[in-house]
Amino acid sequence: VSIRAGAYSDELVQTAKSVASPGRGILAIDESNATCGKRLASIGLENDETNRQAYRQLLLTTPGLGEYISGAILFEETLYQSTTDGKKFVDCLREAKIMPGIKVDKGLVPLPGSNSESWCQGLDGLASRSAEYYKQGARFAKWRTVVSIPCGPSALAVKEAAWGLARYAAISQDNGLVPIVEPEILLDGDHSIDRTLEVAEKVWSEVFFYLAENNVLFEGILLKPSMVTPGAEHKEKASPETIAKYTLKMLRRRVPPAVPGIMFLSGGQSEVEATLNLNAMNQSPNPWHVSFSYARALQNTVLKTWQGRPENVESAQKALLVRAKANSLAQLGKYSA
Ligand code: 13P
(Lines give C-alpha, C1' and ligand atoms only; values in the text may rest on other atoms or scores of the structure.)
Protein backbone atom coordinates (compact mmCIF):
# COMPACT_ATOMS: atom_id res chain seq x y z
CA VAL A 1 0.00 0.00 0.00
CA SER A 2 2.82 2.38 0.62
CA ILE A 3 4.54 4.95 -1.50
CA ARG A 4 7.43 4.73 0.93
CA ALA A 5 7.44 1.56 3.00
CA GLY A 6 8.03 3.08 6.43
CA ALA A 7 8.30 0.91 9.53
CA TYR A 8 4.83 1.90 10.67
CA SER A 9 2.88 1.75 7.38
CA ASP A 10 0.64 -1.22 8.23
CA GLU A 11 -0.11 0.14 11.67
CA LEU A 12 -0.88 3.62 10.28
CA VAL A 13 -3.40 2.15 7.87
CA GLN A 14 -5.02 0.16 10.69
CA THR A 15 -5.15 3.18 13.01
CA ALA A 16 -6.71 5.39 10.36
CA LYS A 17 -9.30 2.71 9.55
CA SER A 18 -10.22 2.29 13.16
CA VAL A 19 -10.75 6.03 13.67
CA ALA A 20 -12.79 6.12 10.45
CA SER A 21 -15.14 3.32 11.52
CA PRO A 22 -18.88 3.37 10.67
CA GLY A 23 -21.10 5.41 12.97
CA ARG A 24 -18.21 6.96 14.86
CA GLY A 25 -16.20 10.17 14.85
CA ILE A 26 -13.73 12.21 16.88
CA LEU A 27 -14.25 14.10 20.11
CA ALA A 28 -11.88 17.08 19.90
CA ILE A 29 -10.87 18.25 23.37
CA ASP A 30 -7.41 19.49 22.50
CA GLU A 31 -7.98 23.11 23.46
CA SER A 32 -4.71 24.73 24.48
CA ASN A 33 -4.62 25.95 28.09
CA ALA A 34 -5.47 29.45 26.88
CA THR A 35 -8.51 28.30 24.89
CA CYS A 36 -9.65 25.93 27.63
CA GLY A 37 -9.45 28.93 29.96
CA LYS A 38 -11.96 30.78 27.78
CA ARG A 39 -14.37 27.84 27.94
CA LEU A 40 -14.01 27.59 31.72
CA ALA A 41 -14.46 31.35 32.10
CA SER A 42 -17.79 31.07 30.27
CA ILE A 43 -19.11 29.12 33.27
CA GLY A 44 -17.26 31.20 35.83
CA LEU A 45 -14.43 28.78 36.56
CA GLU A 46 -10.79 29.58 37.05
CA ASN A 47 -8.31 28.27 34.49
CA ASP A 48 -6.20 26.03 36.73
CA GLU A 49 -4.99 22.47 36.27
CA THR A 50 -7.57 21.07 38.70
CA ASN A 51 -10.50 22.51 36.76
CA ARG A 52 -9.08 21.48 33.39
CA GLN A 53 -8.56 17.96 34.73
CA ALA A 54 -12.07 17.80 36.21
CA TYR A 55 -13.57 18.88 32.91
CA ARG A 56 -11.55 16.44 30.83
CA GLN A 57 -12.37 13.67 33.31
CA LEU A 58 -16.08 14.36 32.89
CA LEU A 59 -15.74 14.05 29.11
CA LEU A 60 -13.39 11.08 28.91
CA THR A 61 -15.14 8.90 31.47
CA THR A 62 -18.61 9.24 29.96
CA PRO A 63 -20.10 5.71 30.05
CA GLY A 64 -20.85 4.32 26.58
CA LEU A 65 -18.88 7.01 24.73
CA GLY A 66 -16.98 4.46 22.60
CA GLU A 67 -20.14 3.50 20.78
CA TYR A 68 -20.14 6.86 18.98
CA ILE A 69 -16.59 8.12 19.41
CA SER A 70 -13.58 6.43 17.77
CA GLY A 71 -10.88 8.91 18.73
CA ALA A 72 -10.24 11.75 21.16
CA ILE A 73 -7.77 14.54 20.45
CA LEU A 74 -5.99 15.63 23.61
CA PHE A 75 -3.81 18.56 24.57
CA GLU A 76 -0.37 17.53 25.87
CA GLU A 77 -1.35 18.15 29.50
CA THR A 78 -4.28 15.71 29.20
CA LEU A 79 -2.19 12.99 27.53
CA TYR A 80 -0.09 12.78 30.70
CA GLN A 81 -2.98 13.28 33.16
CA SER A 82 -5.01 10.77 35.20
CA THR A 83 -8.45 10.71 36.76
CA THR A 84 -8.80 11.75 40.40
CA ASP A 85 -8.69 7.99 41.16
CA GLY A 86 -5.29 7.77 39.51
CA LYS A 87 -6.26 6.04 36.26
CA LYS A 88 -4.47 7.39 33.21
CA PHE A 89 -6.83 9.10 30.76
CA VAL A 90 -5.08 7.14 28.01
CA ASP A 91 -6.15 3.89 29.71
CA CYS A 92 -9.74 5.10 30.12
CA LEU A 93 -9.79 5.70 26.37
CA ARG A 94 -8.21 2.38 25.45
CA GLU A 95 -10.78 0.51 27.53
CA ALA A 96 -13.57 2.36 25.74
CA LYS A 97 -11.97 1.44 22.37
CA ILE A 98 -11.27 5.11 21.67
CA MET A 99 -7.91 5.98 20.07
CA PRO A 100 -5.97 8.66 21.93
CA GLY A 101 -4.73 11.49 19.73
CA ILE A 102 -2.53 14.51 20.41
CA LYS A 103 -2.43 18.10 19.20
CA VAL A 104 1.19 18.65 18.15
CA ASP A 105 1.24 22.09 16.58
CA LYS A 106 2.47 25.05 18.63
CA GLY A 107 -0.10 27.52 17.47
CA LEU A 108 -0.38 30.45 15.11
CA VAL A 109 1.87 33.49 14.78
CA PRO A 110 1.90 36.41 12.30
CA LEU A 111 3.32 35.57 8.87
CA PRO A 112 5.68 38.41 7.88
CA GLY A 113 5.30 39.53 4.28
CA SER A 114 1.67 38.46 4.08
CA ASN A 115 -1.62 40.32 4.23
CA SER A 116 -1.88 40.19 8.07
CA GLU A 117 -2.14 36.40 7.85
CA SER A 118 -0.64 33.75 10.10
CA TRP A 119 1.39 30.57 9.96
CA CYS A 120 1.57 27.59 12.26
CA GLN A 121 4.66 26.76 14.35
CA GLY A 122 5.79 23.41 15.72
CA LEU A 123 8.11 21.57 13.31
CA ASP A 124 11.25 22.05 15.45
CA GLY A 125 11.66 19.02 17.69
CA LEU A 126 8.48 17.45 16.31
CA ALA A 127 10.08 14.07 15.58
CA SER A 128 11.26 13.54 19.15
CA ARG A 129 8.02 14.87 20.65
CA SER A 130 6.03 12.55 18.39
CA ALA A 131 8.10 9.54 19.44
CA GLU A 132 7.40 10.44 23.10
CA TYR A 133 3.67 10.85 22.46
CA TYR A 134 3.58 7.43 20.79
CA LYS A 135 5.24 5.89 23.87
CA GLN A 136 2.64 7.61 26.02
CA GLY A 137 -0.14 5.92 24.00
CA ALA A 138 -1.07 8.44 21.32
CA ARG A 139 -1.77 6.90 17.92
CA PHE A 140 -2.79 9.91 15.88
CA ALA A 141 -1.89 13.58 15.77
CA LYS A 142 -3.42 16.87 14.80
CA TRP A 143 -1.93 20.03 13.32
CA ARG A 144 -4.28 22.95 12.77
CA THR A 145 -3.31 25.85 10.60
CA VAL A 146 -5.69 28.51 9.32
CA VAL A 147 -6.44 30.28 6.09
CA SER A 148 -8.40 33.55 6.14
CA ILE A 149 -10.57 34.46 3.16
CA PRO A 150 -11.07 38.17 4.08
CA CYS A 151 -7.27 38.60 4.45
CA GLY A 152 -6.63 37.17 1.00
CA PRO A 153 -5.65 34.43 1.21
CA SER A 154 -2.25 35.31 -0.22
CA ALA A 155 -0.36 32.74 -2.30
CA LEU A 156 2.34 32.90 0.36
CA ALA A 157 -0.02 32.02 3.23
CA VAL A 158 -1.57 29.11 1.33
CA LYS A 159 1.82 27.71 0.34
CA GLU A 160 3.16 28.00 3.88
CA ALA A 161 0.05 26.32 5.32
CA ALA A 162 0.26 23.45 2.83
CA TRP A 163 4.01 22.94 3.22
CA GLY A 164 3.81 22.96 7.04
CA LEU A 165 1.00 20.41 7.02
CA ALA A 166 2.94 18.15 4.65
CA ARG A 167 6.16 18.27 6.70
CA TYR A 168 4.18 17.57 9.86
CA ALA A 169 2.34 14.66 8.18
CA ALA A 170 5.59 13.02 7.05
CA ILE A 171 7.17 13.40 10.51
CA SER A 172 4.06 12.02 12.24
CA GLN A 173 3.94 8.94 10.02
CA ASP A 174 7.64 8.35 10.56
CA ASN A 175 6.87 8.09 14.28
CA GLY A 176 3.75 5.93 14.10
CA LEU A 177 1.14 8.67 14.43
CA VAL A 178 -1.65 9.09 11.87
CA PRO A 179 -1.64 12.78 10.97
CA ILE A 180 -4.91 14.67 10.87
CA VAL A 181 -4.37 17.30 8.20
CA GLU A 182 -6.30 20.45 9.14
CA PRO A 183 -6.06 23.61 7.08
CA GLU A 184 -9.02 25.40 8.67
CA ILE A 185 -10.57 27.89 6.27
CA LEU A 186 -12.11 30.33 8.73
CA LEU A 187 -15.83 31.11 8.56
CA ASP A 188 -15.24 34.85 9.12
CA GLY A 189 -16.20 37.18 6.30
CA ASP A 190 -19.15 38.20 4.14
CA HIS A 191 -18.06 36.22 1.06
CA SER A 192 -20.31 33.88 -0.92
CA ILE A 193 -20.23 30.09 -0.85
CA ASP A 194 -18.73 30.14 -4.36
CA ARG A 195 -15.77 32.13 -3.06
CA THR A 196 -15.27 29.59 -0.24
CA LEU A 197 -15.34 26.77 -2.80
CA GLU A 198 -12.70 28.53 -4.89
CA VAL A 199 -10.39 29.04 -1.88
CA ALA A 200 -10.95 25.51 -0.55
CA GLU A 201 -10.06 24.01 -3.94
CA LYS A 202 -6.86 26.06 -4.04
CA VAL A 203 -5.88 25.13 -0.49
CA TRP A 204 -6.52 21.40 -0.87
CA SER A 205 -4.77 21.20 -4.23
CA GLU A 206 -1.62 22.66 -2.65
CA VAL A 207 -1.94 20.47 0.43
CA PHE A 208 -2.10 17.30 -1.67
CA PHE A 209 0.72 18.50 -3.93
CA TYR A 210 3.05 18.86 -0.96
CA LEU A 211 1.79 15.72 0.79
CA ALA A 212 2.79 13.78 -2.32
CA GLU A 213 6.14 15.58 -2.55
CA ASN A 214 6.83 14.55 1.05
CA ASN A 215 6.00 10.89 0.27
CA VAL A 216 3.14 10.81 2.74
CA LEU A 217 1.15 7.57 2.72
CA PHE A 218 -2.40 8.68 1.85
CA GLU A 219 -3.97 5.51 3.31
CA GLY A 220 -2.53 6.56 6.67
CA ILE A 221 -3.83 10.11 7.02
CA LEU A 222 -7.13 11.70 8.02
CA LEU A 223 -8.41 15.10 6.92
CA LYS A 224 -10.09 17.74 9.01
CA PRO A 225 -11.60 20.22 6.56
CA SER A 226 -13.96 23.09 7.09
CA MET A 227 -17.30 22.61 5.40
CA VAL A 228 -17.82 24.80 2.34
CA THR A 229 -20.29 27.45 3.52
CA PRO A 230 -20.89 31.15 2.88
CA GLY A 231 -18.92 33.50 5.17
CA ALA A 232 -20.47 33.93 8.62
CA GLU A 233 -21.47 37.52 7.77
CA HIS A 234 -22.82 36.75 4.30
CA LYS A 235 -26.35 38.04 3.67
CA GLU A 236 -27.84 34.61 3.03
CA LYS A 237 -27.45 31.38 4.96
CA ALA A 238 -27.10 28.13 3.04
CA SER A 239 -29.19 25.00 3.65
CA PRO A 240 -27.56 21.75 4.74
CA GLU A 241 -28.25 20.38 1.24
CA THR A 242 -26.39 23.26 -0.40
CA ILE A 243 -23.49 23.00 2.04
CA ALA A 244 -23.30 19.26 1.39
CA LYS A 245 -23.40 19.75 -2.37
CA TYR A 246 -20.58 22.31 -2.37
CA THR A 247 -18.45 20.49 0.18
CA LEU A 248 -18.69 17.14 -1.58
CA LYS A 249 -17.98 18.76 -4.94
CA MET A 250 -14.79 20.24 -3.48
CA LEU A 251 -13.76 16.95 -1.87
CA ARG A 252 -14.43 14.87 -4.99
CA ARG A 253 -12.34 17.25 -7.05
CA ARG A 254 -9.43 17.37 -4.65
CA VAL A 255 -9.22 14.33 -2.34
CA PRO A 256 -8.08 10.91 -3.61
CA PRO A 257 -10.21 7.92 -2.57
CA ALA A 258 -7.11 6.41 -0.92
CA VAL A 259 -7.73 8.77 2.01
CA PRO A 260 -9.79 6.78 4.53
CA GLY A 261 -11.57 9.49 6.47
CA ILE A 262 -12.82 13.06 6.30
CA MET A 263 -13.45 14.33 9.84
CA PHE A 264 -15.02 17.79 9.68
CA LEU A 265 -14.43 20.56 12.19
CA SER A 266 -17.46 22.49 13.42
CA GLY A 267 -15.80 25.92 13.17
CA GLY A 268 -18.40 27.87 15.15
CA GLN A 269 -21.54 26.24 13.70
CA SER A 270 -24.22 25.48 16.27
CA GLU A 271 -24.49 21.92 17.56
CA VAL A 272 -27.58 21.15 15.50
CA GLU A 273 -26.27 22.85 12.34
CA ALA A 274 -23.09 20.78 12.48
CA THR A 275 -25.14 17.58 12.83
CA LEU A 276 -27.58 18.46 10.04
CA ASN A 277 -24.78 19.39 7.65
CA LEU A 278 -22.96 16.13 8.33
CA ASN A 279 -26.17 14.17 7.87
CA ALA A 280 -26.78 15.87 4.51
CA MET A 281 -23.32 14.81 3.36
CA ASN A 282 -24.09 11.18 4.09
CA GLN A 283 -27.29 10.88 2.07
CA SER A 284 -25.47 9.08 -0.72
CA PRO A 285 -22.33 6.91 -0.67
CA ASN A 286 -18.97 8.69 -0.55
CA PRO A 287 -15.51 7.35 -1.44
CA TRP A 288 -14.33 8.11 2.09
CA HIS A 289 -15.80 7.82 5.59
CA VAL A 290 -17.36 11.27 6.10
CA SER A 291 -17.61 12.07 9.78
CA PHE A 292 -16.96 14.60 12.54
CA SER A 293 -14.12 15.87 14.67
CA TYR A 294 -16.04 18.48 16.60
CA ALA A 295 -14.95 20.46 19.62
CA ARG A 296 -17.49 23.22 20.19
CA ALA A 297 -20.37 21.38 18.49
CA LEU A 298 -19.94 18.49 20.95
CA GLN A 299 -19.10 20.48 24.06
CA ASN A 300 -21.27 23.62 24.20
CA THR A 301 -24.24 22.06 26.00
CA VAL A 302 -21.98 19.87 28.14
CA LEU A 303 -20.22 22.91 29.57
CA LYS A 304 -23.46 24.77 30.22
CA THR A 305 -24.95 21.73 31.95
CA TRP A 306 -21.88 21.07 34.09
CA GLN A 307 -21.28 24.58 35.52
CA GLY A 308 -18.30 23.12 37.39
CA ARG A 309 -20.54 21.29 39.89
CA PRO A 310 -19.93 17.64 40.81
CA GLU A 311 -23.68 17.03 41.12
CA ASN A 312 -24.09 17.99 37.43
CA VAL A 313 -21.46 15.61 36.07
CA GLU A 314 -23.92 12.86 35.22
CA SER A 315 -26.34 15.11 33.34
CA ALA A 316 -23.43 16.77 31.53
CA GLN A 317 -22.20 13.33 30.43
CA LYS A 318 -25.71 12.54 29.21
CA ALA A 319 -25.65 15.77 27.20
CA LEU A 320 -22.37 14.67 25.61
CA LEU A 321 -23.90 11.31 24.66
CA VAL A 322 -26.90 13.06 23.08
CA ARG A 323 -24.61 15.05 20.74
CA ALA A 324 -22.29 12.10 20.12
CA LYS A 325 -25.21 9.85 19.20
CA ALA A 326 -26.79 12.49 16.94
CA ASN A 327 -23.51 12.87 15.05
CA SER A 328 -23.09 9.10 14.90
CA LEU A 329 -26.49 8.88 13.22
CA ALA A 330 -25.48 11.75 10.92
CA GLN A 331 -22.36 9.82 9.96
CA LEU A 332 -24.69 7.03 8.85
CA GLY A 333 -27.01 9.52 7.13
CA LYS A 334 -29.84 8.56 9.50
CA TYR A 335 -30.28 11.64 11.69
CA SER A 336 -33.59 13.43 11.87
CA ALA A 337 -34.02 16.50 14.06
P1 13P B 1 -14.31 23.15 16.42
O2 13P B 1 -15.07 21.89 16.06
O3 13P B 1 -14.78 23.80 17.67
O4 13P B 1 -14.17 24.08 15.24
O5 13P B 1 -12.81 22.68 16.77
C6 13P B 1 -11.95 22.36 15.76
C7 13P B 1 -10.65 21.83 16.22
O8 13P B 1 -9.68 21.89 15.48
C9 13P B 1 -10.52 21.18 17.54
O10 13P B 1 -9.61 20.12 17.45
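Residues numbered from 1 in each chain as written. Predicted model: local features only at pLDDT ≥ 70, side-chain atom pairs only at ≥ 80, totals over all residues.

Going by an unreviewed UniProt entry, the protein carries the name Fructose-bisphosphate aldolase and comes from Cucumis sativus. Per UniProt, the protein carries the Subcellular location (unreviewed entry) text "Plastid, Chloroplast". (UniProt positions renumbered as here; feature names shortened; annotations may be inferred.)

Concerning the overall build of the protein
If you tally the helices and strands in the protein, you get 12 helices and 10 strands. Compactness check: the protein gives a C-alpha radius of gyration of 19 Å against a globular reference of 20 Å for 337 residues, within 12% of the reference. Based on the C-alpha atoms only, the size of the protein along its principal axes is roughly 50 × 50 × 40 Å. Looking at the protein as a whole, 48% of its 337 residues qualify as buried. The contacts in the protein between residues at least 6 apart in sequence include a share of 80% that link residues at least 24 apart. (Helix = DSSP H or I, 4+ residues; strand = E, 2+ residues; numbered from the N terminus. Rg over C-alpha atoms; globule rule 2.2 N^0.38 Å. Buried ≥ 20, exposed ≤ 12 C-beta atoms within 10 Å, placed from the backbone. Contact = placed C-beta atoms within 7 Å.)

Details of the sheet that holds strand β2 (residues 69-74)
Strand order in the closed barrel formed by 8 strands is β1-β2-β3-β6-β7-β8-β9-β10, and the pairing between neighbours is parallel. Where strand β8 (residues 222-223) meets strand β9 (residues 261-264), 2 bridges bridge the pair, whose relative direction is parallel. When the bridges of β9 are listed, leucine 223 appears paired with isoleucine 262. Helix α1 (residues 9-19) contacts β1 (25-29), β2, β3 (99-103), β6 (140-147), β7 (178-185), β8 and β9 of the sheet and is inclined by roughly 55° relative to β7. (Pairing = 2+ DSSP bridges. Axes fitted to C-alpha atoms, helices over the stretch in contact; angles between N-to-C directions.)

Some words on the site of the ligand
Every residue lining the ligand is accounted for by Ala28, Asp30, Ile73, Arg144, Glu182, Leu265, Ser266, Gly267, Tyr294, Ala295, Arg296 and Ala297. Within the shell around the ligand, the residues separate by chemical class into 6 nonpolar, 2 polar and 4 charged. (Near = placed C-beta within 6 Å. Nonpolar A, V, L, I, M, F, W, Y, C, P; charged D, E, K, R; others polar.)

What about helix α11 (residues 296-306)?
Residues of α11 that are buried include every one of Ala297, Leu298, Gln299, Val302, Leu303 and Trp306, and no others. Contact partners of the buried residues in α11: β1, α2 (33-41), α3 (49-60), α10 (271-281), β10 (289-294) and α12 (313-331). Directly beyond the C-terminal end of α11, a positive phi value near 55° is found at glutamine 307.

Details of the nonpolar core
Formed by 99 residues in total, the largest nonpolar core has its most connected members in Ala72, Val203, Ile221 and Leu222. Ranked by residue count, the leading element in this core is helix α7 (residues 155-174), at 10 residues. (Core = buried A, V, L, I, M, F, W, Y, C linked by C-beta atoms within 7 Å.)

Here we look at α10
With 9 of 11 residues buried, α10 lies mostly within the body of the structure. Residues of α10 that are buried: Glu271, Ala274, Thr275, Leu276, Asn277, Leu278, Asn279, Ala280 and Met281. Close packing links the buried residues of α10 with α9 (240-254), β9, β10, α11 and α12.

What about the packing of α7 against helix α8 (residues 193-213)?
The relative placement of two packed helices is expressed as an angle between their axes plus a distance between the axes. Orientation of α7 relative to α8, taken along the N-to-C sense of each, is 40°, at an axis distance of 8 Å. Relative to α8, the element α7 is oriented oblique. Read as a crossing pair, α7 and α8 show a hand that is right-handed. For the pair formed by α7 and α8, the contact residues are Val158, Lys159, Ala161, Ala162, Trp163, Leu165, Ala166 and Ala169 on the first element and Lys202, Val203, Glu206, Val207, Tyr210, Leu211 and Glu213 on the second. Here the contact of α7 with α8 is built from residues that sort into 11 nonpolar, no polar and 4 charged. (Parallel < 35°, antiparallel > 145°, perpendicular 65-115°, else oblique. Left-handed = near helix turned anticlockwise from the far one by under 90°.)

Description of the environment of glutamine 269
Structurally, glutamine 269 can be placed in the loop between β9 and α10. Remark: the alpha-carbon pair of glutamine 269 and aspartate 124, spanning 145 residues in sequence, is separated by 33 Å. What glutamine 269 contacts, discounting residues up to four positions off in sequence, is Ala274, Asn277 and Ala297.

Observations regarding the pairing of β6
Of all 8 residues that make up β6, 8 are buried, and the element is covered over most of its length. Here β3 pairs with β6 via 3 bridges, running parallel. Directly across from isoleucine 102, in β6, lies its bridge partner alanine 141. The sheet contact formed by β6 and β7 spans 8 bridges and is parallel. Along β7, the bridge assignment pairs arginine 144 with glutamate 182. As a crossover connection, the stretch from β6 through α7 into β7 is right-handed. (Right-handed = clockwise from strand over helix to strand, strands pointing away.)

A few points about the environment of alanine 155
By secondary structure assignment, the location of alanine 155 is in helix α7. In this structure alanine 155 comes out as exposed when scored by C-beta crowding, with 11 C-beta atoms within 10 Å. Separated by 67 residues in the primary sequence, alanine 155 and lysine 88 place their C-alpha atoms 44 Å from one another.

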